[in-house]
Amino acid sequence: MLPFLTMKSIPHILASAPVIEAKKQKLIEQCLKLKEKKIIPSLKVILVGDNPASLIYTRNKKKFCEEIGAECEIIKLPASLSEKDFISEVKKIADNKLVHGCFVQLPLPTQLSHIDVGQLIPAEKDVDGFHAQNLYELMKGASTKSFLPPCTPKGIMTLLKFYEIPISGKNIVIVGRSMIVGKPLMLLLTQRDATVTLCHSKTKNLTEITKKADIVVTAIGRANFFTKEYFSPGQIVIDVGINKDKHDKLCGDVDFENVSPMVAHITPVPGGVGPLTILTLVRNLLQASNKI
Ligand code: NAP
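Every value quoted in this text rests on a predicted model; they were computed, and no experiment measured them.

On to the overall build of the protein chain, then. Across its full length, the protein chain holds nine helices and 10 strands. Its C-alpha atoms give the protein chain a radius of gyration of 19 Å, within 12% of the compact-globule value 19 Å for 292 residues. Taking all contacts inside the protein chain whose residues are at least 6 apart in sequence as the whole, residues at least 24 apart take part in 71%. Working note: accessible area of the protein chain is about 14400 Å², and carbon and sulfur atoms make up 55% of it.

Written out as structure tokens, the structure is:
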């Protein structure tokens, strides 16, 4: 592993708050410019059922939209909704010319969970970045200014850029291969010339692999799973997980208390990757509003 010799000024804790503070004013100005052109950026969030975590996530997204001057409506639908009614509701919302961006808050109730929501919303309004066209642009390595990138992976790229963490030529291990985090992040990092290893539940000798990385990204959804054994001194750790520990306290996938002192830099949970996901969502909304 190469030591990061040039990173003395980077804080140990890679918090999202300074990133958001630095980017927020620009979003406010972009929103004002759109309003001068009589475009009021409008986001519709489709929320099915009353999953407590989803209620919090959607409220946070609405709050941030409103803080920068955009409109956001959370459309609550009953948990018992049929597939036919769900598809027709989403299409009705997505077809509305006054709506610039929309997304379905996941997870969906069991009877709807097989639906590929990314294909229900047209690519140009797909602020989550799940539509096949947006994923194709991501695969091609197009500039993220020319399509709507997936929010969490793009948020992680924003964090790395803000803290001036070098990516090119680095050995980056991602644990978790989901469509919303691991796979798209692998593409964004590869596009920036990192050498990426994508791990999952069937990966053998995971500790040996993570220990050798320059940067480790954890996205598996298991509270405090990554203990000290998975890391080496000098590494950078990006913890995507949002979990509840046995005391019902919010925590990441990484055992922060024990891992933090031994690595060079680490994102906290909460206050790490989560708010950057929202930042990208709102950026995507403004990008979509500009194009419609
Ligand atoms: P997911 O779809 O459930 O995928 C989990 C991935 O982790 C799978 O690829 C799985 O492997 C892998 N995995 C599970 N247990 C493992 C183990 N013991 N060792 C190695 N790999 C393992 O999860 P997700 O939607 O990507 O979310 C992951 C976490 O990130 C969750 O805590 C979620 O809440 C959080 N999240 C946070 C944000 C944010 O904004 N901060 C955004 C999205 C998600 P297999 O493929 O082999 O099953």
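On to the environment of aspartate 193. Mapped onto the fold, aspartate 193 is located in the loop between helix 6 (182-191) and strand 5 (195-199). Measuring from C-alpha to C-alpha, the distance between aspartate 193 and lysine 170 comes to 7.8 Å, with 23 residues separating the pair along the chain. Ignoring sequence-local partners within four residues, the contact set of aspartate 193 consists of Ile167, Ser168, Gly169 and Lys170.

The next point concerns the environment of isoleucine 174. Among the secondary structure elements, isoleucine 174 is positioned in strand 4 (residues 171-175). Taking C-alpha positions, isoleucine 174 is 9.5 Å from alanine 213, a pair spaced 39 residues apart along the chain. When sequence neighbours within four positions are dropped, the list of residues in contact with isoleucine 174 reads Gly182, Leu185, Met186, Leu189, Val196, Thr197, Leu198, Cys199 and Val217.

Right, let's get into the site of the ligand. The environment of the ligand is made up of 21 residues, and the closest members are Arg177, Ser178, Ser201, Ile242 and Thr277. Within the contact set of the ligand, an oxygen atom lies 2.7 Å away from a side-chain nitrogen or oxygen of arginine 177. Take serine 201: an N or O atom from its side chain is 2.6 Å from an oxygen atom of the ligand. Against a free-state accessible area of 920 Å², the protein chains account for coverage of 72% of the ligand. Top element by residues in the shell around the ligand is helix 9 (residues 273-291). It accounts for three residues. Looking at the shell around the ligand residue by residue, the classes come out as nine nonpolar, 10 polar and two charged.

The next point concerns the packing of helix 1 (residues 17-36) against helix 2 (residues 52-68). A pair of packed helices is characterised by two quantities: the angle between their axes and the separation of those axes. Running from N to C, helix 1 and helix 2 cross one another at 60 degrees; their axes reach a closest spacing of 8 Å. The orientation of helix 1 relative to helix 2 falls into the category oblique. In contact with Ile20, Lys24, Leu27, Ile28 and Cys31 of helix 1, helix 2 contributes Phe64, Glu67 and Ile68. When the residues that make up the contact of helix 1 with helix 2 are grouped by side-chain class, the tally is six nonpolar, no polar and two charged.

Once that is clear, we can look at helix 4 (residues 132-140). Turning to helix 4, its buried residues are Asn134, Glu137 and Leu138. Here the buried residues of helix 4 occupy an arc of 100 degrees about the axis, which is enough to place them on one side. Looking at the buried positions of helix 4, the neighbouring elements they touch are helix 6. Looking at the residues trailing helix 4, positive phi occurs at glycine 141, about 85 degrees.

One key point about sheets: their strands pair by backbone hydrogen bonds, in either a parallel or an antiparallel sense. In spatial order, the strands read 5-4-6-7-10; together these five strands make up an open sheet with parallel pairing. Two strands bound the open sheet, and with one partner strand each, they are strand 5 and strand 10 (265-266). Here five bridges tie strand 4 to strand 5, and the two strands are oriented parallel to one another. Opposite valine 175, over in strand 5, you have cysteine 199 as the bridge partner.

Another point: the packing of aromatic side chains. Considering all chains together, one arrives at four aromatic pairs under this definition. Their ring planes at 45 degrees and their centres at 5.7 Å tell us that phenylalanine 225 and tyrosine 230 sit as a pair that is tilted. Given the relative accessible area of 13%, tyrosine 230 is considered buried. Their ring planes at 75 degrees and their centres at 5.0 Å tell us that phenylalanine 226 and tyrosine 230 sit as a pair that is edge-to-face. Each member of the pair, phenylalanine 226 as well as tyrosine 230, carries the same accessibility label: buried. Ring pairs connect the aromatic residues Phe225, Phe226 and Tyr230, which therefore count as one cluster.

On the surface, Lys26, Lys145, Lys161 and Arg192 cluster together into a patch of positive charge. Tracing the sequence through the fold places lysine 26 in helix 1. Residue classification places lysine 26 among the exposed residues on the basis of a relative accessible area of 56%.

With that out of the way, let us pick up the pairing of strand 2 (residues 71-77). Both strand 1 (residues 42-48) and strand 2 contribute to a ladder of seven bridges, which runs parallel. Bridge pairing in strand 2 links leucine 47 to lysine 76. Viewed along the sheet, the connection from strand 1 through helix 2 into strand 2 turns out right-handed.

So, how was this worked out
- Residues numbered from 1 in each chain as written.
- Predicted model: local features only at pLDDT ≥ 70, side-chain atom pairs only at ≥ 80, totals over all residues.
- Heavy atoms only, no water.
- Helix = DSSP H or I, 4+ residues; strand = E, 2+ residues; numbered from the N terminus.
- Rg over C-alpha atoms; globule rule 2.2 N^0.38 Å.
- Contact = heavy atoms within 4.5 Å.
- Areas by Shrake-Rupley, 256 points an atom, 1.4 Å probe, with all protein chains shown as cover.
- Near = heavy atom within 4 Å.
- Polar contact = N/O pair within 3.5 Å; in protein donor to acceptor, adjacent residues only side chain to side chain.
- Nonpolar A, V, L, I, M, F, W, Y, C, P; charged D, E, K, R; others polar.
- Axes fitted to C-alpha atoms, helices over the stretch in contact; angles between N-to-C directions.
- Parallel < 35°, antiparallel > 145°, perpendicular 65-115°, else oblique.
- Buried < 20%, exposed > 50% of the residue type's maximum accessible area, 1.4 Å probe, protein only.
- Arc of directions from axis to C-beta.
- Pairing = 2+ DSSP bridges.
- Phe/Tyr/Trp six-rings, centres within 6.5 Å; stacked < 30°, edge-to-face > 60°.
- Patch = residues over 30% accessible without salt bridge, like charges linked within 9 Å, V, L, I, M, F, W, Y side chains within 5 Å.
- Salt bridge = Lys/Arg side-chain N within 4 Å of Asp/Glu carboxyl O.
- Lys, Arg positive; Asp, Glu negative; His and termini not counted.
- Charge placed at Lys NZ, Arg CZ, Asp CG, Glu CD.
- Right-handed = clockwise from strand over helix to strand, strands pointing away.

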